[in-house]
Amino acid sequence: MNEDMLRRVLEAEAAKVEISPDALPTIRRRIAARYIWRRRIRNASALGAGALAAAAPTVAAVAVGVVSCTPPAPVNPPPQPAATRSASPATPATP
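Residues numbered from 1 in each chain as written. Predicted model: local features only at pLDDT ≥ 70, side-chain atom pairs only at ≥ 80, totals over all residues. Heavy atoms only, no water.

A. Region of the structure containing the overall build of the chain. Along the backbone of the chain there are two helices and zero strands. Looking at the 95 residues of the chain, the share that counts as buried comes to 0%. Surface summary for the chain: the accessible area is close to 9,300 Å², and the carbon and sulfur share equals 66%. (Helix = DSSP H or I, 4+ residues; strand = E, 2+ residues; numbered from the N terminus. Buried < 20%, exposed > 50% of the residue type's maximum accessible area, 1.4 Å probe, protein only. Areas by Shrake-Rupley, 256 points an atom, 1.4 Å probe, with all protein chains shown as cover.)

Here it is, written out as structure tokens:
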């Protein structure tokens, strides 16, 4: 299809379109509704990011608090009492 034929077909189709008197306000309302929807999504995502930014330090503080509440491990554990052996046998040997 050449350019002139395409132009004629498009002009013929455009001539069939009936324009409503309230078309422009309808278009503007739909654009405004899209803008409001996008603004709500943007605000909700900003709120979520703010909540995440507030929750991260809280989680870190709780983790540090839990770790600091555990008793420290002993540096040098106390020595265990050694088992004593007697020089004599516990039972006498029978001849």
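Having seen it, we continue.
B. Spatial organisation of the pattern of salt bridges. The full count for this structure, using the stated rule, is three salt bridges. Here Arg7 makes a salt bridge to Asp4, at a shortest N to O gap of 3.7 Å. Of this pair, Arg7 and Asp4 both sit in helix α1 (residues 3-16), three residues apart, which is roughly one turn of the helix. Looking at Arg7, the relative accessible area reads 42%, which means it is partly exposed. Taking relative accessible area as the criterion, Asp4 reaches 47% and is therefore assigned partly exposed. What emerges from the salt-bridge pattern is a single network uniting Glu3, Asp4 and Arg7. (Salt bridge = Lys/Arg side-chain N within 4 Å of Asp/Glu carboxyl O.)

C. Inspection of a nonpolar patch on the surface at higher detail. On the surface, a nonpolar cluster with roughly 280 Å² of combined accessible area is contributed by Leu24, Ile27 and Ile31. For Ile31, the location among the structural elements is in helix α2 (residues 23-69). (Patch = residues over 30% accessible without salt bridge, like charges linked within 9 Å, V, L, I, M, F, W, Y side chains within 5 Å.)

Just distances and angles here, no functional claims.
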